[in-house]
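Summary of the model geometry
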Amino acid sequence: MSQAGEVMSDDSERSSVGEQAEKSGQISLEEEFRASNVQEVLDKLDRELVGLKPVKTRIREIAALLLVDRLRAKHNLVTGAPTLHMSFTGNPGTGKTTVAFRMAEILHRLGYVRKGHLVSVTRDDLVGQYIGHTAPKTKEVIKRAMGGVLFIDEAYYLYRPENERDYGQETIEILLQVMEENREDLVVILAGYQERMSTFFKSNPGIRSRIAHHIEFPDYTAQELLAIANLMLAEQNYRFDEAAEKAFAGYLERRMKQEHFANARSVRNGLDRARLRHANRLFAKGGEPTSEELMTIEAEDILASRVFHDD
Amino acid sequence: MKITQGQFSFLPDLSDQQIRAQIEYAVQNRWAVNVEFTDDPHPRNTYWEMWDLPMFDLRDPAGALLEVNNCRKAYPNHYIRVTAFDSSRGWETPRMSFIVNRPKEEPGFRLNRQEVDGRAIRYTVHSYATEKPAGSRY
Ligand SMILES: Nc1ncnc2c1ncn2[C@@H]1O[C@H](COP(=O)(O)OP(=O)(O)O)[C@@H](O)[C@H]1O
Ligand SMILES: [Mg+2]
């Protein structure tokens, strides 16, 4: 059968990139870097994600570590695969899930995970309802994530100290084993609120000790949120006119002080509602809107928001 | 007598690397991967025991290989096979099936002849292994 041959060729292609560099004698870091195509993803990260300086720096550091590791392997300096399990902490809407997807892609390009997909789960996907239900459920998710990244959102819900027979404990134990023994097969990223995560780590030192990178996602500043808004609009072929941008800055200022403010997610939701009003405004006006009109969000689409009228 | 069933069974036993490559092929086609085992390899015994659940939506063969090895640990002296099920419309059937583990000794089969209706003969295949009760055959 030719099947096996076809599958293998995928791997041999990847390694040939490195081999070419090797033939020229010395392998430079720059060559290795170029061969991995990782710059492309890092650029995309810069372009598509506003702010997040500390996160981006950390990702570059991890990329550098993996590149040097690849070079070391070519010099026959054995290291053993580095541990790359991570925790992403920060408030809702700070970009944790988005960055996790990018991370999977970067790890794939650097050859650390074989496929580069991301399986995103929460407690309900892992923990069962009755005795004997949890282990198969957790293992099924882990097997699906192999070759890529397992992203566990709000990971602290796995641990319920008030119920010592909670099935979440079983999931934690399986995770502990997999994070240790299957490091080449998958990377685990645990995400959630900063404080709850540190409580979770305190009660689960085993998990903590298996996590190499703790990355914090800061809240966005008002300027960053506005830049995010402009970016989101551009992606959907919309834009603010001058007055609308000012109005949205005012909107953000008020919205940030309210409860349940969720950073970039609130921006996305605010924009979705503005689009709704924009559509209704055009509809009410009737006739044939110009493409200019179809694109432009105006101040009144923003100012009609409840945020301006609540107090 | 080496039993030949499914794919590759006339070849030397597959190495783990070759098994991995085959599962990779199944996974790329989005087929569900199953691990099954039996101690009754009669060719008409199509219903082997399932090891764990079928694995849907795998992206990488590592998970399936893990289960192959778990099954080998639990049943080192059984026949174990990997099947890949294609659920797409019009197929809805296994697309691959190959043995990944076999007993050290394979006693094989005997051909029984039965004379009926004068000199007509009926043939049937008898697996020596099934002379012992299930679980102690190999
Ligand atoms: N820095 C950023 N730049 C642009 N868009 C962002 C940024 N951070 C988050 N977003 C957007 O905000 C939304 C929520 O982000 P998400 O990654 O789901 O946050 P979290 O997982 O931390 O709750 C997504 O639509 C995402 O694209
Ligand atoms: Mg999220």
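Look up: the structure comes first, before these words.
Residues numbered from 1 in each chain as written. Chains lettered and ligands numbered in written order. Predicted model: local features only at pLDDT ≥ 70, side-chain atom pairs only at ≥ 80, totals over all residues. Heavy atoms only, no water.

Moving on, we come to the packing of aromatic side chains. The tally for this structure, following the rule as stated, stands at twelve aromatic pairs over all chains. When the ring of Tyr251(A) is compared with that of Phe308(A), the centres are 6.3 Å apart and the planes differ by 45°; the resulting orientation is tilted. Residue Tyr251(A) is located in helix 12 (residues 242–257), and its partner Phe308(A) is located in the segment after helix 15 (299–303); the two are separated by 57 residues in the primary sequence. For the ring pair Phe37(B) and Trp51(B), a centre distance of 6.4 Å and an interplane angle of 70° mean the geometry is edge-to-face. Here Phe37(B), found in strand 1 (residues 32–38), pairs with Trp51(B), found in strand 2 (residues 49–55); they are 14 residues apart in sequence, far enough to count as distant. These aromatic residues form a ring-pair network of at least three members: Phe240(A), Phe248(A), Tyr251(A) and Phe308(A). (Phe/Tyr/Trp six-rings, centres within 6.5 Å; stacked < 30°, edge-to-face > 60°. Helix = DSSP H or I, 4+ residues; strand = E, 2+ residues; numbered from the N terminus.)

With that settled, consider the sheet that holds strand 2 of chain B. Residue and element names in this part refer to chain B. What the four strands build is an open sheet, ordered 2-1-3-4; its pairing is antiparallel. Two strands lie at the open edges of the sheet, namely strand 2 and strand 4 (93–101), each paired on one side alone. Across the sheet, the axes of successive neighbouring strands diverge by a mean angle of 20°, strand direction being ignored. Strand direction decides the pairing type here: strand 3 (residues 79–86) and strand 4, joined by seven bridges, are antiparallel. Bridge pairing in strand 4 places Ala84 opposite Met96. (Pairing = 2+ DSSP bridges. Axes fitted to C-alpha atoms, helices over the stretch in contact; angles between N-to-C directions.)

The next subject is the pairing of strand 5 (residues 109–116) of chain B. Bridge analysis of strand 5 of chain B against strand 6 (residues 120–127) of chain B gives eight bridges, and the strand direction is antiparallel. Looking at the pairing, Arg113(B) lines up with Tyr123(B) of strand 6 of chain B.

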